[in-house]
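Results of the structural survey
The lines below spell out each chain.
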Amino acid sequence: MSTLPALPWIWPLAGGLLIGSAAGAYLLLAGRIAGISGLLADAAGWARGGARTLSVLFLSGLLLGTFVALRGRDGTTIVLTSSWPLLIIGGLLVGYGTRLGSGCTSGHGICGLARLSPRSALATALFMAAGFATVYVMRHVLGGSP
Amino acid sequence: MSRWVALLCGTMFGVGLVVSDMINPARVLAFLDLAGDWDPTLAWVMGGALLPSLVAYRLHLRRNSPVFAAAFHVPPRGRIDTRLVAGALLFGVGWGLAGLCPGPALAALVTLRAPVIGFVAAMLAGMALHRLLHPPR
């Protein structure tokens, strides 16, 4: 496992405020939920009741904002420690699980919690717990990456 | 106008993922590693994100329609069922294996790195599989 430099709390707080403001503005101005797994399924044509053009534009903005912000951030690299098999299994589980459970970190964890939705509160508690347990088993029981 | 809103909100979201370093799987895994060298970053992001979104959701309850669209499209408050529970658990396991969830995974595509592309391809395959097994009625 890699050791990352500690990040002063002001950065995640500022980043979180940006993410939450984006989700809040999308609701108030366009009337929709900014859950990335839902937007992706909608953009791919796999969801009902979406607005495909809006979803495609939101995700295009996501790529654009990331691209520009990464340009402005010096030197900090994105560290991926998981092996290929874990990435593929992880990707399959994330894709299938977020559709089955109707949301991911943004849809349930931010938009759903902001709505005080019991479904989203439970989903967030469960995916957090599953994430904690998985990393515990991988790192401290099996003792490998990630 | 809604289209500009979607593009701009997406852009702000992407900038937020970079500023908070949530785009970095190692950072996310360090948060999920309670028994290791725990990194509180993700908790700050969640807290920061909830402040404005809580306010926005309160404000939306006072309005009949969004500013630039005819109606709100907010999912109804459904019941807690096995799909929700199983889906959240499967997602959490995948998140813990890779350190990536859908937002950061898509955002990290701009780095054009093979592991990210592989993860997103697998994620799309997982979504397609769900669509195949549970087609919308």
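Residues numbered from 1 in each chain as written. Chains lettered and ligands numbered in written order. Predicted model: local features only at pLDDT ≥ 70, side-chain atom pairs only at ≥ 80, totals over all residues.

Examining the overall build of chain A
When you go through chain A residue by residue, the secondary structure sums to 6 helices and 0 strands. Along chain A, helices and strands appear, N-terminal first, in the series α-α-α-α-α-α. Along the first, second and third principal axes, the C-alpha atoms of chain A reach 45 × 35 × 30 Å. In chain A, which comprises 146 residues, the share counted as buried stands at 59%. Of the contacts formed within chain A by residues at least 6 apart in sequence, a portion of 50% connects residues at least 24 apart. (Helix = DSSP H or I, 4+ residues; strand = E, 2+ residues; numbered from the N terminus. Buried ≥ 20, exposed ≤ 12 C-beta atoms within 10 Å, placed from the backbone. Contact = placed C-beta atoms within 7 Å.)

Overview of the domain arrangement of chain B
Residues and elements named next belong to chain B. Considered domain by domain, chain B is made up of domain 1 (1–74) and domain 2 (80–137). Contact with domain 1, which involves 9 residues of that partner, is made by 8 residues of domain 2. Only helix H1 (2–19) and helix H2 (25–32) provide two or more residues apiece to the side of domain 1 that touches domain 2. It is H2 that contributes the most residues to the side of domain 1 that touches domain 2, 5 residues altogether. Grouping the constituent residues of the side of domain 1 that touches domain 2 by class yields 8 nonpolar, 1 polar and no charged. (Domains from an automatic or database assignment. Nonpolar A, V, L, I, M, F, W, Y, C, P; charged D, E, K, R; others polar.)

A word on the interface of chain B and chain A
Buried accessible area, meaning the area lost when the parts come together, often serves as the stated size of an interface. Counting residues at the interface gives 104 residues for chain B, matched by 102 residues for chain A. When contributions to the side of chain B that touches chain A are tallied by element, the ones reaching two or more residues are H1, H2, helix H3 (41–61), helix H4 (82–98), helix H5 (102–108) and helix H6 (114–133) of chain B.

Description of the environment of Leu 51 of chain B
Mapped onto the elements of the fold, Leu 51 of chain B is located in helix H3. Overall, the presence of 16 C-beta atoms within 10 Å leaves Leu 51 of chain B in the partly exposed class. A C-alpha to C-alpha distance of 29 Å links Leu 51 of chain B and Ala 35 of chain B, two positions 16 residues apart in sequence. Setting aside anything within four residues of it in sequence, one finds Leu 51 of chain B in contact with Leu 17 and Gly 20 of chain A.

Regarding H2 of chain B
Burial analysis of H2 of chain B places 8 of its 8 residues in the buried class, which makes it a mostly covered element. Listing the buried residues of H2 of chain B in full gives Pro 25, Ala 26, Arg 27, Val 28, Leu 29, Ala 30, Phe 31 and Leu 32 of chain B. Residues of H2 of chain B that are buried sit in contact with helix H6 (118–141) of chain A together with H3 and H4 of chain B.

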